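Residue-level listing of the chains:
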Amino acid sequence: MAVVLLCGLAVASCGTSGSGADVTVLGPWTGQEASGFAAMFAGFEKSTGIDVRYIGTRDADAVLASEIENGDPPDAAVLSTPGELRQYAAAGRLVPLDRVPVPAGAYTPAVRALTVTSGPGGDPHPYAIIIKAALKSVIWYSPRTLPPALRSTVTAPDLTWQRLADLRLTWCMGVADTSSSGWPGTDWVEDLLLHRSGPRKYDQWVAGRLPWTSPEVRDAWRAFGAIAAKAGGTDHVLLTGFGQAGAPMFAPRPGCLLDHEGSFITAFYSGTPGTEYDFVPFPPAGKAGQGAQEIAGDLLGIFHGTSAARRLAAYLTTRPAQEAWARRLASGAYSLNRQVPIGVYPDPVAKKIATGLTHAGTVRFDGSDSMPQTMASAFDNAVLEYLAAPDHLDALLSALDKVRSVAY
């Protein structure tokens, strides 16, 4: 297990600060990402004299669970999914952050609502802050290889999902991943459900109140299956890594033309942003889903409500902190703080992503990330089974409902 301990920007053994106060933060970032996070809190250490002791490990989820079980959690920890946030909040492990000030006007009400969940008594409170985010409701294309006639359709301001789905073209798609295959397909189902049926039905589904066998969910799966059929066949989709799926889009004779992936996928693309690759927002598929965006985010929760921990959480929401990591875009850090200037992002594509994140009227977290772990794992596996045997969809959805009955 690789662990990095950071104080400020130096990898070192952390001593106490001049004020005698410190706060320990556990998180999943190492290497360049750890340095990016350290840049966020460097100004806090300088202005307060509080020492931030960051422990970075790729096994952060398991380490946190073990430390909680042993009764010795860190002061704060970065939670990888909203599902973890809900689990720890409901169990009374997390400290409510109602009294942690957030800069006025910096975050939209829709974004602030993402951190609110129920505590042990069932009352809703904000239990986290969002450190950085990724935009998931995007469809990528290459301006160089997409034929002009198709490009004018794809980039039209009145594009709808049906018009896009009806185009006779090959999609890029791969659902293989060394850590957990299937999740790229869950992103498809989630986006289709959100944009077809709207946030109300989406929320019911994520919360386990809308059956997997409901017409809305079944229709989203079928729409996903129709796109998979245009992606080189299910065997190809099952065996192709998500990071390599878009590579044929850039070939002189492109093997596919559109790629649905989150904003993090640019780490796998090459060439000049805006020239070699660009994107359009996932188009509306119904009136209820107009203007909706799906995102992923890294959440900071507090386990010990010390003054130092609360002050750090408040500082990390501010423009100086958020801007510090946003300037290091190589580590994929997009801010949801609207006070961070769009100009800090290095290219037109990054600027569009940041604008989409900060100006969306309706924002929802990734659905599978928000579900109980048992449900999320079953969802991943169902994607693989569906691609292998599309005719078995009804049986798969019924099986998912059985998991739902015990997971929530």
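All of these numbers come straight from a predicted model, not from anything done at the bench.

1. Remarks on helix α3 (residues 82-90)
Then, number 1: By the burial criterion, the buried members of α3 are Pro82, Gly83, Glu84, Leu85, Tyr88 and Ala89.
Then, number 2: Next to the buried residues of α3 lie α2 (60-69), β5 (76-79), β6 (116-118), β13 (292-302), β14 (362-365) and α13 (367-370).

2. A few points about the packing of aromatic side chains
Then, number 1: Here the structure, examined in full by the defined rule, presents 28 aromatic pairs.
Then, number 2: For the pair Trp161 and Phe282, a centre-to-centre distance of 5.2 Å together with 10° between the ring planes defines the contact as stacked. Here Phe282 lies in the loop between β12 (278-281) and β13 and Trp161 lies in helix α6 (residues 161-165), a separation of 121 residues in the sequence.
Then, number 3: Accessibility expressed as a relative area gives 4% for Phe282, which makes it buried.

3. A few points about the pattern of salt bridges
Then, number 1: Going through the model one piece at a time under the given rule, you end up with 13 salt bridges.
Then, number 2: Here Asp366 makes a salt bridge to Lys136, at a shortest N to O gap of 2.8 Å. Residue Asp366 is found in the loop between β14 and α13, and its partner Lys136 is found in the loop between β8 (129-135) and β9 (138-141); the two are separated by 230 residues along the sequence. Grouping residues by exposure puts Asp366 and Lys136 together as buried.
Then, number 3: The salt bridge partner of Glu276 is Arg144, with a shortest N-O separation of 3.1 Å. Taken together, the positions of Glu276 in the loop between β11 (258-260) and β12 and Arg144 in the loop between β9 and α5 (148-154) put the pair 132 residues apart, joining distant regions of the chain.
Then, number 4: Judged by relative accessible area, Glu276 falls into the buried class, the value being 19%.
Then, number 5: Since its relative accessible area comes to 43%, Arg144 is described here as partly exposed.
Then, number 6: Residues joined by salt bridges that share partners form a network here, namely Lys136, Asp187 and Asp366.

4. Re the packing of helix α7 (residues 183-206) against helix α14 (residues 373-388)
Then, number 1: Following both chains from N to C, one finds α7 and α14 inclined at 120°, their axes separated by 10 Å at the closest point. Between α7 and α14, the angle is such that the two are oblique. Every pair of crossing elements has a handedness; the one defined by α7 and α14 is right-handed. Along the contact surface, α7 presents Trp183, Gly185, Thr186, Val189, Glu190 and Trp205, while α14 presents Phe379, Asp380 and Val383.
Then, number 2: Looking at side-chain class alone, the contact of α7 with α14 contains five nonpolar, two polar and two charged residues.

5. Remarks on the sheet that holds strand β10 (residues 171-172)
Then, number 1: With respect to topology, four strands assemble into an open sheet ordered β10-β11-β9-β12, the strand pairing being mixed. Single-partner strands in this sheet number two, and they are β10 and β12.
Then, number 2: Where β9 lies against β12, four bridges are found, and the strand directions are antiparallel. In the sheet register, Ile139 faces β12, and the bridge partner there is Val280.

6. Section: helix α8 (residues 215-228)
Then, number 1: Its 14 residues place the ends of α8 20 Å apart at the C-alpha level, agreeing with the 20 Å of an ideal helix rising 1.5 Å per residue.
Then, number 2: If you check which residues of α8 are buried, you get Val217, Arg218, Ala220, Trp221, Ala223, Phe224, Gly225, Ile227 and Ala228.
Then, number 3: In the core, the buried residues of α8 are packed alongside α6, β10, α7, α9 (234-239), α14 and α15 (393-407).

Scoring rules and cut-offs
Residues numbered from 1 in each chain as written. Predicted model: local features only at pLDDT ≥ 70, side-chain atom pairs only at ≥ 80, totals over all residues. Heavy atoms only, no water. Buried < 20%, exposed > 50% of the residue type's maximum accessible area, 1.4 Å probe, protein only. Helix = DSSP H or I, 4+ residues; strand = E, 2+ residues; numbered from the N terminus. Contact = heavy atoms within 4.5 Å. Phe/Tyr/Trp six-rings, centres within 6.5 Å; stacked < 30°, edge-to-face > 60°. Salt bridge = Lys/Arg side-chain N within 4 Å of Asp/Glu carboxyl O. Axes fitted to C-alpha atoms, helices over the stretch in contact; angles between N-to-C directions. Parallel < 35°, antiparallel > 145°, perpendicular 65-115°, else oblique. Left-handed = near helix turned anticlockwise from the far one by under 90°. Nonpolar A, V, L, I, M, F, W, Y, C, P; charged D, E, K, R; others polar. Pairing = 2+ DSSP bridges. Expected span 1.5 Å × (residues − 1).

All we've got here are geometric facts, nothing functional implied.
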